[in-house]
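Listed below are the residues making up each chain.
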Amino acid sequence: MKSIPQISLHEAAAMVKDNDILLQGGFGMTGNPVHLMHALAETNTKNLTFIGNNVGEVGIGGGRLLRNGQLKKMIGSFFTSNPEAVKAAQDGVVAYELLPQGTLAEAIRAGGAGIGGFFTPTSAGTALAEGRETKILNDVEQVFIPSIRGNVAFIRAWKADTAGNLQYRMTEQNFNRAMATAADLVIAEVEEIVAVGEIAPEYIHTPGSFVDYLVQATLTLEDLGSSASVSSSRKASESRMHMAKRALQELKKGDVVNLGIGIPTLVADLITEEDGIILHTENGMLGVGPTPIDGGGAMDYPVNAGKIPVTALAGASYFDSADSFAMIRGKHVDVAIMGGLQVDESANLANWAVPGQPLLGVGGAMDLASGAKRLIITMMHTEKNGDAKVVSTCDLPLTALKAVDMIITDKAVFEFIDGNLTLIELMPGATLEEVQGLTSAQFAVKLS
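Keep in mind that what you see is a predicted model, and the values were worked out from it rather than measured.

Some details on the layout of surface pockets
The space that makes up the largest pocket amounts to roughly 820 Å³. Every residue lining the largest pocket is counted, 41 residues in all, and those nearest its centre are Phe78, Ile261, Asn351, Trp352 and Gly361. Those elements that place two or more of their residues in the lining of the largest pocket are helix 4 (83-90), strand 12 (256-259), helix 8 (263-270), strand 16 (335-339) and helix 10 (365-371). Its residues assigned to classes, the lining of the largest pocket shows 21 nonpolar, 16 polar and 4 charged. Its boundaries defined by the atoms lining it, the second largest pocket holds a volume of some 500 Å³. Contributing elements (two or more residues each) for the lining of the second largest pocket: strand 12, helix 8 and strand 13 (278-281). When residues in the lining of the second largest pocket are grouped by element, the largest group, 4 residues, is from helix 8. Of the residues belonging to the lining of the second largest pocket, the class tally is 13 nonpolar, 11 polar and 4 charged.

Some thoughts on the sheet that holds strand 7 (residues 140-146)
Spatially, the 3 strands line up as an open sheet ordered 5-7-6, and their pairing is antiparallel. Since the sheet does not close on itself, it has two edges, and those belong to strand 5 (117-120) and strand 6 (134-137), each with one partner. The mean angle between the axes of side-by-side strands here comes to 35°, regardless of whether they run parallel or antiparallel. Looking at chain direction, strand 6 and strand 7 are connected through 4 bridges and run antiparallel. Within the sheet, the bridge partner assigned to Ile136 lies in strand 7 and is Glu141. Those strands touched by helix 5 (residues 101-112) are strand 5 and strand 7, and its axis lies near 150° from that of strand 5.

Observations concerning helix 2 (residues 34-41)
For helix 2, the tally of buried residues reaches 8 of 8 residues, placing the bulk of the element in the interior. Every buried residue belonging to helix 2 is among Val34, His35, Leu36, Met37, His38, Ala39, Leu40 and Ala41, and all of these are buried.

Structural notes on helix 8
For helix 8, the set of buried residues is Ile263, Pro264, Leu266 and Val267. Looking down the long axis of helix 8, one finds its buried residues gathered within 145° of arc, a one-sided arrangement. Packed against the buried residues of helix 8 are helix 7 (238-248), strand 12, strand 16 and strand 19 (374-378).

What counts, and where the lines are drawn
For every chain, the first residue of its written sequence is number 1, and the numbers climb from 1 along that sequence. Restriction of local features to residues with pLDDT of at least 70 applies here, the model being predicted, together with a cutoff of 80 or more for giving and counting side-chain atom pairs; totals for whole chains, interfaces and linings are based on all residues. Only hydrogens and water are set aside; all other atoms, that is, all heavy atoms of the structure, feed into the side-chain values. Using only the protein atoms, space was sampled on a 1 Å grid; points where a 1.4 Å probe fits but cannot get out form cavities, open sets with protein on both sides within 12 Å along at least five of seven lines form pockets, and lining residues are those with an atom within 4 Å of a point. Grid points are joined across faces, edges and corners, and a volume is the space filled by probe spheres set on the points. Note on conventions: DSSP H or I runs of at least 4 residues are helices, E runs of at least 2 residues are strands, and numbering of each starts at the N terminus. Residues were grouped as follows: Ala, Val, Leu, Ile, Met, Phe, Trp, Tyr, Cys and Pro as nonpolar; Asp, Glu, Lys and Arg as charged; and all remaining residues, including Gly, as polar. Only strands that DSSP links by at least two bridges are regarded as paired with each other. Convention adopted: a line fitted to C-alpha atoms gives each axis, helices being fitted over their contacting stretch, and angles between N-to-C directions are expressed from 0 to 180 degrees. Should any heavy atoms of two residues lie within 4.5 Å, those residues are considered in contact. The classification of residues rests on relative accessible area computed with a 1.4 Å probe and restricted to protein chains. Under 20% of the type maximum is buried, over 50% is exposed, and intermediate values are partly exposed. The directions from the helix axis to the C-beta atoms are what the arc is built from.

Next up, the structure:
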């Protein structure tokens, strides 16, 4: 069995050269090789192309390289988790490319597998498809995405043996597994290095053949940023809870369900073990349980797509981001419940951007909207200024075409029946006349 060199953080950082393409694992700061990134931030290396889900947090991880002016370009799916990354993009200081989260994961996986690129239905018909080759495959419009490889990959694992075999902890597989295959030089930051044989073969997630160097670094609470701890208190308005309860009625035992950020998250608090609903989070977990009641954070618990620590129910499983989005695109997620900015008469959804602002944070929304078997949108019926959100035609940047099955607002429940937007239920306190006055879309009425 070969032995992988164990080097210092300083030695690892010195291997990154000016103009390199750097892959950085992690989802937020979970599974993030933060010590390697901070060591690199102490060098004079510059003009780097950074590839990762997000550019760390303010002053942490990739955020420190950004603050130092070491990045010339960012490629990722959710820059909005770091306000300094947003400002750098807005000001034109750093070039950027935004990809849907599942597309990013698959592009890296393809790069590691020696595949030149692939077609995906995700982002078809949206601003992110502009300028890309498209084809109709199996009667579905699909967008061509080139594969991604890097010069260097910094990844984080929980345990390694001296042969470089890696084991990840909980939801820390995320982008790390694919990135370990997709760079010329792979450096793994790990919590613990053990002798060969101490990690059982069935617990090895990344074989040592992919790994070039190991660096031992101990994780601290400060390294986890906003996921370090979580408050167990959460308050929601009565109208929002009504929407969450109504959405729960649409779920049945055995459903695999993905919940978006905002109102959909409230549904998780209502689900009981007896409901038998299996929650999926796109950063790599099935069987998501409630938030920890002890205030514990990502040092002790997995995290969900909102980077919030959660518990794992009996029978839960962990996997990486590429597998997670294969579940989504492959129609293995039964229902996605998401927030919305607009839904129109053609079942088009807009929920990720507004005109005049940089398109900097799509995350997994496009993948989920086009990939889940059924899509339910929960949102307030109008904007704060009274503008309708159920509209004749979306004028905000689209998330997915002809994807929505049901809309639940604080005023009404709509369903697309035979392709037609249909009012099927009024929410508590609402009247038909009120809903008609607050809705700019044309709709049929089929109240029971």
